[in-house]
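# Survey of secondary and tertiary structure
Residue strings, one per chain:
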Amino acid sequence: MILITDTKIKISVRNLVEFILRSGDLDNSVNPRDPDAMQQGSRLHRKIQKRMGPEYQPEVPLSVSVPVSRDGLDFEIIVEGRADGIIKKVNDTEPNVIIDEIKCVFAPLSILEEMIPIHRSQALCYAYIYATQNELDQIGIQLTYCHMESETIKQFNETLEYEDLKQWFDHLIQEYCKWASWQLHWRVVRNASIKATDFPFEYRPGQKDLVTGVYRTILRSKKLYIEAPTGVGKTISTIFPAVKAMGEGLLSKIFYLTAKTITRTVAEDTFQMMSDMGLQMKVVTITAKEKICVLDKPNCSPVTCERAKGHFDRVNDAVYDMLTNETQISRTLIEEYAAKHCVCPFEMGLDVTTWSDAIICDYNYVFDPNVFLRRFFFEEKKQDYAFLIDEAHNLVDRAREMYSAVLEKQSFLDVKKIIKEKSKKLAKRLDACNEVMLRYKRECDDCTVLGDVGDLVIPLMRLMTEFEEFNKEYGDFPGREEVTNLYFDVKNFLAIHDIFDEDYIIYSDYGENQSFRVKLLCMNPSRNLLTYLNKGRSAIFFSATLLPIQYYKEQLGGGEEDYAVYAPSPFDSKNRLLLIGKDVSTKYTRRSESEYIKIVDYIEKFIKAKTGNYFVFFPSYQMMTVIYELAMDRIPEIILQKSSMSEVEREEFLAQFVNEPVTSKVGFCVMGGVFSEGIDLTKDRLIGAVIVGTGLPQVCNERELFRDYYEVKSNSGFDHAYLYTGMNKVLQSAGRVIRTIQDKGSILLLDERFLNSQYRNLFPREWDRYQIVDRSTMSKYLNEFWSSKE
């Protein structure tokens, strides 16, 4: 990544050559043109280095400073990196010094006939730096390609004169100078505007302490975990101090990470508000490829998309054009400039992030090992990044999935049917994998924990080698998508197996349609998240439901030295009525028509207390449907959430809940669904919520494995597997009611288990006052609440 001080710009060798020297078509088809794209070879790197002999010096840090005078500025460009190896010959053989660059690949070495240009350029940079520092007239470079499965090696060598190297490197730097000059000029403008920017609101109670805490956390290079109830203003309270830290030179880039579109919009609006007040920052939101692609379905190939043809020949000009002419970088602007220069808008948007001050994006662009932004996180070196992680409670399950991998036995058979007439070799490799899976299946009745899958990994690696050969020969054909899906599933399985440790278990079971599968299941994502968090300076995790906070610290990379705070709610507790039904339960053993009728009685009395809009949240679609059938004749205007609603359908659903309604409307929704978090129905658009049940996840093999794992680890199996997840859903659902200081609303918790200390200990502080009711006493409390002055 690029690091800027007042008169110095640091850039890695890899980023420099990949940015300046790229050219040609954009082609995301499975293709072995860049074998290094499958890189998983950290361990193999070290193994190769150890067997290179006494003349070989591994992992040598190199850097060179180049003085530049351009556009009225005098500055230095510092190019740095780490050479895989330097070979110093002890005899008179020339060249006396050789720079070695190691690349571990799945692709067959037979397809390599020469050095891959981008790899050669990296070696040339290291060669120039070393030759300059040691005053060499001549130096050699060596590309060592190692096959991941067989560990066989193929090497290419080249000898270069220093003058030729210098001429090549000087041209490379000159191409980069216009970007460096622009960046330094922009930094002056940006920092001046940051210095003049004040907090845009009057501080709410506790908010100034929160802003100060975020700034100090960044200053001290720590992590901060914030339980921030609705109304605290957590978005501005994290963005503002991060922006100020950037102006002080503490940060080079701000990543605002979210799980859902609605929270990305809030972040965008916050930056825009600060921009309207004079702040000048380049802020870009990464839009998913499926949403911004100009094709109906993304297919990045020069054959199917005119923009892919020659994309890399034009994209740098497109980015520079935008940067020098625009300040606020919206999705619409990216689409306009991409059309102007005939480039892919998604890939152009990613390139714009390199030069942006703040990036708003989904978690996976930072933490997912398959799609993380390599330009920022590939290098091991720590950078001055701040990660602002919104709705951080969502990251636990998301991260577990990111760092897990699964293979289904049926996929190998399906792909074999598709390719058997094209490649007998690939079919044979698929058979070998299927045989191992079949053996696992015979040993699995329901769910089996496996100690090791080494006997599967070996045929999978052989399969990957044959896949590379196959993909080189065959382009598109009927069934290509299924073949590609298995290719990436196997790739991911091998990558996750490579980082497998005590935070994992391996198990086999039967998924949907009784399909047999083997899964590498991440039990605690903390260590894997730290791999990426440690590449930045500081991380701020915040949510309205981050309880218990020690659990989230444990799961999200927190250490004893990191901070945790509970921001006080700014809302008057008199505007919230919290009721707990003491004579009803949704336990499986209690589910019956009589119990369901009790629930309907509660809902009916709850909404009759005051005309208005209400949500009722259920633990499942199944229970929601059962209650609906019992309630439809007693409760008018029930609106049901449907499964898999489109964005338009969701907007239509919410639009029915209007301010100052004449009659009551009741939305039946599912806890943990699209309407249980991230939506704001203020004032009279929502005045009450009924939470039916404790939100505990359904019992399944995976949940039981979590339970067993944490029972052994910390004697808290039920809490980790069920309780914390369930209560988070409850708190998120209840949080839909009070959204602003002007709001007034009631919340009804329908399950006697909420009276147990195990559940009450997870209530937020602002839930310190509640009333225990039954169907006969509830109306009294509701009438008193709604008749009281606001």
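Residues numbered from 1 in each chain as written. Predicted model: local features only at pLDDT ≥ 70, side-chain atom pairs only at ≥ 80, totals over all residues. Heavy atoms only, no water.

## So, the pattern of salt bridges
In total, this model carries 41 salt bridges according to the counting rule given. Ionic pairing is found between Lys 381 and Glu 80, a salt bridge with its closest N-O pair at 2.8 Å. Taken together, the residues Lys 381 in the loop between α13 (374-377) and β12 (385-389) and Glu 80 in strand β4 (residues 73-88) connect sequence positions 301 residues apart. Assessed through its relative accessible area of 42%, Lys 381 is described here as partly exposed. Look at Glu 80 and you get buried, because its relative accessible area is 19%. Residue Glu 604 pairs with Lys 608 through a salt bridge whose shortest N-O separation is 3.5 Å. In this pair, Glu 604 and Lys 608 are both assigned in helix α21 (residues 593-608), four residues apart and thus about one turn of the helix distant. A cluster of three or more residues bridged by salt bridges with shared partners is formed by Asp 601, Glu 604, Lys 608, Arg 634 and Arg 775. (Salt bridge = Lys/Arg side-chain N within 4 Å of Asp/Glu carboxyl O. Helix = DSSP H or I, 4+ residues; strand = E, 2+ residues; numbered from the N terminus. Buried < 20%, exposed > 50% of the residue type's maximum accessible area, 1.4 Å probe, protein only.)

## Some thoughts on empty space enclosed by the protein
According to the stated counting rule, one finds three cavities of 30 Å³ or more in the structure shown. In this model, the largest cavity occupies a volume close to 80 Å³. Lining the largest cavity we find Leu 26, Cys 293, Val 294, Leu 295, Asn 299, Cys 300, Cys 305, Arg 307, Ala 308, Cys 344 and Pro 345. What the second largest cavity holds in volume is close to 60 Å³. Every residue lining the second largest cavity is listed: Thr 285, Ile 286, Thr 287, Ile 292, Ile 334, Pro 345, Phe 346, Gly 349 and Leu 350. At four residues, the largest contribution of residues to the lining of the second largest cavity is made by helix α11 (residues 345-355). (1 Å grid on protein atoms, 1.4 Å probe; cavity = no way out; pocket = protein on both sides within 12 Å on 5 of 7 lines; lining within 4 Å. Points joined across faces, edges and corners; volume = space filled by probe spheres on them.)

## Some words on helix α15 (residues 409-419)
By the burial criterion, the buried members of α15 are Lys 409, Phe 412, Val 415 and Ile 419. The arc that holds the buried residues of α15, viewed along the axis, is 135°, so those residues lie on one side. Considering only its buried residues, α15 is in contact with β13 (405-408), α16 (424-442), α17 (454-473), α18 (480-498) and β16 (516-522). (Arc of directions from axis to C-beta. Contact = heavy atoms within 4.5 Å.)

## What about the sheet that holds β13?
Spatial ordering of the open sheet is given by β13-β16-β15-β14, a layout of four strands whose pairing is antiparallel. Strands with a single pairing partner mark the edges of an open sheet, and in this sheet they are β13 and β14 (447-450). Ignoring which end each strand starts from, the neighbouring axes of this sheet average 20° apart. Pairing geometry for β13 and β16, over four bridges, is antiparallel. Within the sheet, the bridge partner assigned to Leu 407 lies in β16 and is Val 518. Sitting on the sheet, α16 touches β13, β14, β15 (504-510) and β16, and the angle it makes with β16 is about 85°. (Pairing = 2+ DSSP bridges. Axes fitted to C-alpha atoms, helices over the stretch in contact; angles between N-to-C directions.)

## Observations concerning the state of the cysteines
For the coordinates displayed, the defined rule picks out zero disulfides. For the unlinked cysteine Cys 342, the closest cysteine sulfur is that of Cys 305, found at 7.5 Å. The thiol sulfur of Cys 361 is not disulfide-bonded, and the nearest other cysteine sulfur, from Cys 344, lies at 17 Å. (Disulfide = S-S within 2.5 Å.)

## What about the nonpolar core?
In terms of nonpolar packing, the biggest core is built from 191 residues, with Tyr 176, Phe 367, Ile 389 and Phe 615 touching the most fellow members. Examining the composition of this core, we find that 12 residues originate from one element, helix α4 (residues 162-195), more than from any other. Discounting residues that sit within four places of it in the chain, Phe 367 has contacts with Leu 257, Ile 389, Leu 395, Met 402, Tyr 403, Leu 529, Tyr 532 and Leu 533. Counting 34 residues, the second largest nonpolar core, distinct from the first, contains Ile 218, Phe 240, Val 243 and Leu 251. (Core = buried A, V, L, I, M, F, W, Y, C linked by side-chain atoms within 4.5 Å.)

## Looking at a negative patch on the surface
A contiguous patch of negative charge on the surface is contributed by Asp 137, Glu 161, Glu 163 and Asp 164. Glu 161 sits in the partly exposed class, given a relative accessible area of 39%. (Patch = residues over 30% accessible without salt bridge, like charges linked within 9 Å, V, L, I, M, F, W, Y side chains within 5 Å. Areas by Shrake-Rupley, 256 points an atom, 1.4 Å probe, with all protein chains shown as cover. Lys, Arg positive; Asp, Glu negative; His and termini not counted. Charge placed at Lys NZ, Arg CZ, Asp CG, Glu CD.)

## Quick word on the pairing of strand β8 (residues 223-227)
Of all the five residues making up β8, five are buried; the element is thus mostly covered by neighbouring parts of the structure. By the bridge criterion, five bridges tie β8 to strand β17 (residues 538-543) in an arrangement that is parallel. Opposite Ile 226, over in β17, you have Phe 542 as the bridge partner. Sheet topology places β8 next to strand β18 (residues 563-566); four bridges connect them, and they run parallel. The residue of β18 that forms the bridge with Glu 227 is Tyr 566.

## Some details on the packing of α15 against α16
It is at 9 Å that the axes of α15 and α16 come closest, and there the two elements cross at 155°. With respect to α16, the axis of α15 lies roughly antiparallel. As α15 runs across α16, the sense of the crossing is left-handed. On α16, the residues touching Lys 409, Phe 412, Leu 413, Val 415, Lys 416 and Ile 419 of α15 are Leu 426, Ala 427, Leu 430, Asp 431, Cys 433, Asn 434, Met 437, Leu 438 and Lys 441. Taken together, the residues of the contact of α15 with α16 break down into 10 nonpolar, one polar and four charged. (Parallel < 35°, antiparallel > 145°, perpendicular 65-115°, else oblique. Left-handed = near helix turned anticlockwise from the far one by under 90°. Nonpolar A, V, L, I, M, F, W, Y, C, P; charged D, E, K, R; others polar.)

## A closer look at the sheet that holds strand β25 (residues 771-773)
Taken together, seven strands build an open sheet; the order of strands is β21-β22-β20-β23-β24-β19-β25 and the sheet is parallel. Only two strands of the sheet have a single partner each, and these edge strands are β21 (638-640) and β25. Taking the axes of each pair of neighbouring strands and ignoring which way they run, one obtains an average angle of 20° across the sheet. By the bridge criterion, six bridges tie strand β19 (residues 576-581) to strand β24 (residues 745-750) in an arrangement that is parallel. Of the residues in β24, the one forming a bridge with Arg 576 is Gly 745. Its contacts with the sheet place α21 against β19, β20 (613-618), β22 (665-670), β23 (688-692), β24 and β25, and it is angled at close to 170° to β24.

## Some words on the pairing of β17
With six of six residues buried, β17 is to be regarded as a mostly interior element. Side chains Ser 538, Ile 540 and Phe 542 of β17 all project onto a buried face; the interleaved residues Ala 539, Phe 541 and Ser 543 project onto the opposite face, where all are buried too. For β12 and β17, the ladder comprises four bridges, and the chain directions are parallel. By the bridge assignment, Phe 387 is partnered in β17 with Ala 539.

## Side note on unusual backbone geometry
Residue Pro 548 is bonded to the preceding Leu 547 through a cis peptide linkage, with omega at -5°. Residue Asp 71 is not a glycine yet carries a positive backbone phi of 50°. Along the chain, Asp 71 falls in the loop between β3 (56-70) and β4. With a phi angle near 55°, Glu 637 is a residue other than glycine that sits in the positive phi range. The topology assignment puts Glu 637 in the loop between α22 (621-631) and β21. For Glu 637, a relative accessible area of 37% gives the class partly exposed.

Function cannot be read off these values alone, since they describe shape.
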